[in-house]
Structures are given as structure tokens and as C-alpha cells.
Amino acid sequence: STSSSLSVNTKQQQNTETMDNATKEQQNNTPADRENNRSLKILFLSSDTGGGHRASAEALANQFQRHFPGTTYDLMDVWSDIDSSWPYCAIKDTYKSFSASPWKWA
């Protein structure tokens, strides 16, 4: 009886130690620690139509790189970087033409 209760106590102590170690790891693993240990791979899909899309994507990318060191990103112009047929290949120029002449929207 004594040896089995000693054995149970030992298992309980091991479980308590394991739980204590897990708690310590969680306390040491703050959001800032997690951010600094993880890099991201980002793809920005955008269109260079003069509306600041590229600048916005670059600003976001800089912040991701700041908060997640080692982060890489690609910026793809969906209307220029992809070979496509008409009418998709004409969207960028059409948009620029329409935005320069609002009367065309009517």
C-alpha cells in the first residue's frame, strides 16, 4: 500500500512539474516573442492604375517585415504581370482613360 501511494505521488509530482513547465513556456511566449520568431511569405495582388496601390502595399510590407523579421513579399500587378486575352489585357488602360474623363462613366 505504501509503495503504490509513493508511486502515485511521484506521478502526480511529474504531472505538476510538466504543467509548471508548460505554464512557464506560455508566460515566456508573449505575442511579441511569437512575432519575432515567425516570418511570413506574402503575395500582394494589386493594379498599377495610379491610385496608390503599390505605395499602400509597400507600406504594409514594411510593417510586416518590422513585426515579423525575415518576412518576404511579392507584389503582382494582376492586369500587367499576367498574360491574358481581351478584355482583361485592356483593363488597366481603360481604367486610366475612364478615371481621367469622368464623363465617360455616365
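Being a predicted model, the structure only gives us computed values, none of them experimental. (Residues numbered from 1 in each chain as written. Predicted model: local features only at pLDDT ≥ 70, side-chain atom pairs only at ≥ 80, totals over all residues. Heavy atoms only, no water.)

Colleague: Could you clarify how one ought to interpret the packing of aromatic side chains in this entry?
Modeller: For any pair of aromatic rings, the description consists of the separation of the ring centres together with the inter-plane angle of the planes. This model, assessed by the stated rule, comprises two aromatic pairs. Look at F44 and Y73: their rings are 6.0 Å apart centre to centre, the planes differ by 80 degrees, and that puts the pair in the edge-to-face class. Of this pair, F44 sits in strand β1 (residues 41-46) while Y73 sits in strand β2 (residues 72-77), placing them 29 residues apart in sequence. Accessibility expressed as a relative area gives 25% for Y73, which makes it partly exposed. Measuring from ring centre to ring centre gives 6.4 Å for F64 and F68, while their planes differ by 35 degrees; the resulting arrangement is tilted. (Phe/Tyr/Trp six-rings, centres within 6.5 Å; stacked < 30°, edge-to-face > 60°. Helix = DSSP H or I, 4+ residues; strand = E, 2+ residues; numbered from the N terminus. Buried < 20%, exposed > 50% of the residue type's maximum accessible area, 1.4 Å probe, protein only.)

Colleague: Explain the nonpolar core here, please?
Modeller: In summary, soluble globular proteins display a tendency toward joint burial of nonpolar side chains. In terms of nonpolar packing, the biggest core is built from five residues, these being I42, F44, A57, A61 and L75. Looking at this core, the elements with two or more residues in it are β1 and α3 (53-67). Excluding residues within four positions of it along the chain, L75 makes contact with F44, S46, R54, A57, E58 and D81. (Core = buried A, V, L, I, M, F, W, Y, C linked by side-chain atoms within 4.5 Å. Contact = heavy atoms within 4.5 Å.)

Colleague: Any chance you could explain the side chain of T71 here in plain terms?
Modeller: Relative to the helices and strands, T71 is located in the loop between α3 and β2. Side-chain polar atoms of T71 contact the backbone oxygen of F68, separated by 2.5 Å. Residues in contact with T71, not counting those within four places in the same chain, are S39, L40, I42, F64 and Q65. (Polar contact = N/O pair within 3.5 Å; in protein donor to acceptor, adjacent residues only side chain to side chain.)

Colleague: Would you explain the side chain of D77 in this entry?
Modeller: Residue placement: D77 occurs in strand β2. For D77, the side chain forms a polar contact with the main-chain nitrogen of D48, separated by 3.2 Å. With residues up to four places along the chain from it excluded, the contact list for D77 reads S46, S47, D48, I82 and K92.

Colleague: I keep staring at the pattern of salt bridges and nothing clicks. Help me out?
Modeller: Pairs can form between side chains of opposite charge once their charged atoms are near each other. In total, this model carries one salt bridge according to the counting rule given. The partner of D48 in a salt bridge is R54, and the shortest N-O contact between them spans 2.8 Å. Judged by relative accessible area, which is 24%, D48 ranks as partly exposed. (Salt bridge = Lys/Arg side-chain N within 4 Å of Asp/Glu carboxyl O.)

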